[in-house]
Amino acid sequence: QLDNQSPRSESEKTFSFPLDLVLKVHDERVIVSFGQRDGIKVGHAVLSINGIDVNGRYTADGKEILEYLGNPSNYPLSIRFGRPRLTSNEKLMLASMFHSLFAIGSQLSPEPGSSGIEMLETDTFKLHCFQTLTGIKFMVLSDPRQAGIDTLLRKIYELYSDYALKNPFYSLEMPIRCELFDQNLRSALEVSEKAGTFGPSS
C-alpha cells in the first residue's frame, strides 16, 4: 500500500470567532459537516491548526480540537482543511471489500471462466486490478486519463517477485517491509506518471 499522488487539494484559512463552519467528529476525525467556502468542502477534515498537525481529534501537542476551537481567546487562528489520508486499517477494509466484489463478479459473469473485475471506472478515478496465477491481487487507483496501467501492474508484479518473494524474511500475506521494493516501486510509478506508459526497455 503506497500513496504516490500529487498533493491533495488543501485549503488554509484564517478564522475569527465564531467559526462560520460546522464541525463534527466522524471516524475519530474532525470534519466539516456544514458550510462550504473558499475550497473547504463538506467532508474535509481539519489537518492542522496554526501550523500544528492534527492527529484524529487532537492536535499534535495534545489539545482537543473542538474544545480548542470553541474558546474565543484562541482566535484569530489558521486552520488547514483537506481530504484525510486513509489509515492502514481502512485500506485493508476496502481491499477486503473489493476482494468480495471480485469473487462475486467472477461467479456472476455471463462469460465462462471469467477472472473477475479487472477495472472499475468512475468520473474521477479508475481502479485497476491484476490477479496473478497464484491468486495475489495488485490494485492501482489512477486518473481516468492515465495510460499504461496494465503495464504498470505487471511491472509491480515483477518487482514483488524480485524483492518480496525472494526475501527470506518476507511472510506471505503480510505487509512488504523492503526498502529496495519501495524504492523500485516509487521509480516505476514516477516513470508511469511521466510517460503515461512504459517503454519496451523497462
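Note that the structure is predicted; figures quoted are calculated from it, not measured.

## Regarding a nonpolar patch on the surface
So, point 1. On the surface, L86, M93, L94 and M97 cluster together into a nonpolar patch covering about 380 Å² of accessible area.
So, point 2. By the secondary structure assignment, M97 is in helix 2 (residues 88–108).
So, point 3. Overall, the relative accessible area of 48% leaves M97 in the partly exposed class.

## Observations regarding the domain arrangement of the chain
So, point 1. Each assigned domain of the chain is listed with its residue range as follows: domain 1 (10–82) and domain 2 (118–195).
So, point 2. Spacing between the C-alpha centres of domain 1 and domain 2 amounts to 35 Å.

## Here we look at the packing of aromatic side chains
So, point 1. As enumerated under the stated definition, the model contains seven aromatic pairs in all.
So, point 2. Arranged with centres 5.3 Å apart and planes meeting at 65°, the rings of F17 and Y75 form a pair that is edge-to-face. With F17 in the loop between strand 1 (10–15) and strand 2 (22–26) and Y75 in the loop between helix 1 (65–69) and strand 7 (77–82), the pair connects residues that are 58 residues apart, well separated along the chain.
So, point 3. For Y75, a relative accessible area of 12% corresponds to the buried category.
So, point 4. Where F98 meets F102, the ring centres are 6.1 Å apart and the plane angle is 55°; that geometry is what we call tilted. One end of the pair, F98, and the other, F102, are both in helix 2, four residues apart, so they sit about a helical turn from each other.
So, point 5. By relative accessible area, which is 5% here, F102 ends up buried.

## A look at helix 3 (residues 149–165)
So, point 1. In this model helix 3 runs 22 Å from its N-terminal to its C-terminal C-alpha over 17 residues, within 8% of the 24 Å that 1.5 Å per residue would give.
So, point 2. Here helix 3 has its buried residues at I149, L152, L153, K155, I156, L159, Y160 and A164.

## Details of the nonpolar core
So, point 1. Ranked by size, the top nonpolar core spans 17 residues in total, and within it F15, L23, V46, I49, L69, I79 and F81 carry the most contacts.
So, point 2. For this core, the elements supplying multiple residues, two or more each, are strand 3 (29–34), strand 4 (45–49), helix 1 and strand 7.
So, point 3. If sequence neighbours within four positions are ignored, L23 has contacts with V30, I31, V32, S33, V46, L66, L69 and F81.
So, point 4. Formed by 16 residues, the second largest nonpolar core is a distinct cluster that contains F130, I156, L159 and C178.

## With respect to the side chain of S48
So, point 1. For S48, the position within the fold is in strand 4.
So, point 2. If near-sequence neighbours (up to four positions away) are discounted, S48 is found in contact with D53, V54, S78, I79 and R80.

## Thoughts on the pairing of strand 2
For a regular strand, side chains alternate in direction, first toward one face of the sheet and then toward the other.
So, point 1. Across five bridges, the pairing between strand 2 and strand 3 is antiparallel. Residue pairing across strands places V25 opposite V30, the latter belonging to strand 3.
So, point 2. Here strand 2 hands over to strand 3 after two residues, with D27 in that stretch at a positive phi of 50°.

## Digging into the pattern of salt bridges
So, point 1. Tallying each qualifying case throughout the model produces six salt bridges.
So, point 2. A salt bridge links E28 to R57; its shortest N-O distance comes to 3.8 Å. Taken together, the positions of E28 in the loop between strand 2 and strand 3 and R57 in the loop between strand 5 (52–55) and strand 6 (58–59) put the pair 29 residues apart, joining distant regions of the chain.
So, point 3. With a relative accessible area of 27%, R57 lands in the partly exposed category.
So, point 4. One salt bridge connects R145 with D143, and the closest N-O pair in it is separated by 2.9 Å.

Criteria and thresholds
- Counting restarts for each chain: residues are numbered from 1 in the order of the written sequence.
- pLDDT decides what is reported in this predicted model: residues at 70 or higher carry local features, side-chain atom pairs at 80 or more are listed and counted, and totals for whole chains, interfaces and linings draw on all residues regardless.
- The side-chain figures draw on all heavy atoms in the structure; neither hydrogens nor water molecules are used.
- Each patch groups residues whose relative accessible area exceeds 30% and which form no salt bridge, using 9 Å between like charges and 5 Å between nonpolar side chains of Val, Leu, Ile, Met, Phe, Trp and Tyr.
- Under the convention used here, a 1.4 Å probe and the Shrake-Rupley method define accessible areas, while residue burial counts only the protein chains that appear.
- Any Lys or Arg side-chain nitrogen found within 4 Å of a carboxyl oxygen on Asp or Glu counts as a salt bridge.
- In this text, helices come from DSSP runs of H or I with a minimum length of four residues, and strands from runs of E with a minimum of two, each type numbered from the N-terminal end.
- Buried means the residue's accessible area, taken with a 1.4 Å probe over protein chains only, is under 20% of the maximum for its type, while exposed means over 50%, and partly exposed covers the values in between.
- The split into domains, and so the bounds of each, comes from an automatic or database assignment of domains.
- Aromatic rings from Phe, Tyr and Trp, taking only the six-membered ring of Trp, are treated as a pair when their centres fall within 6.5 Å; an angle between ring planes under 30 degrees marks them as stacked, one over 60 as edge-to-face, and anything in between as tilted.
- Helices are assigned an expected span. That span is 1.5 Å times one less than the residue count.
- Only buried Ala, Val, Leu, Ile, Met, Phe, Trp, Tyr and Cys residues count toward a nonpolar core, and they belong to the same one when joined by side-chain atoms within 4.5 Å.
- Note on contacts: a residue pair is in contact if any heavy atoms of the two residues lie within 4.5 Å.
- Pairing between strands requires that DSSP locate at least two bridges from one strand to the other.

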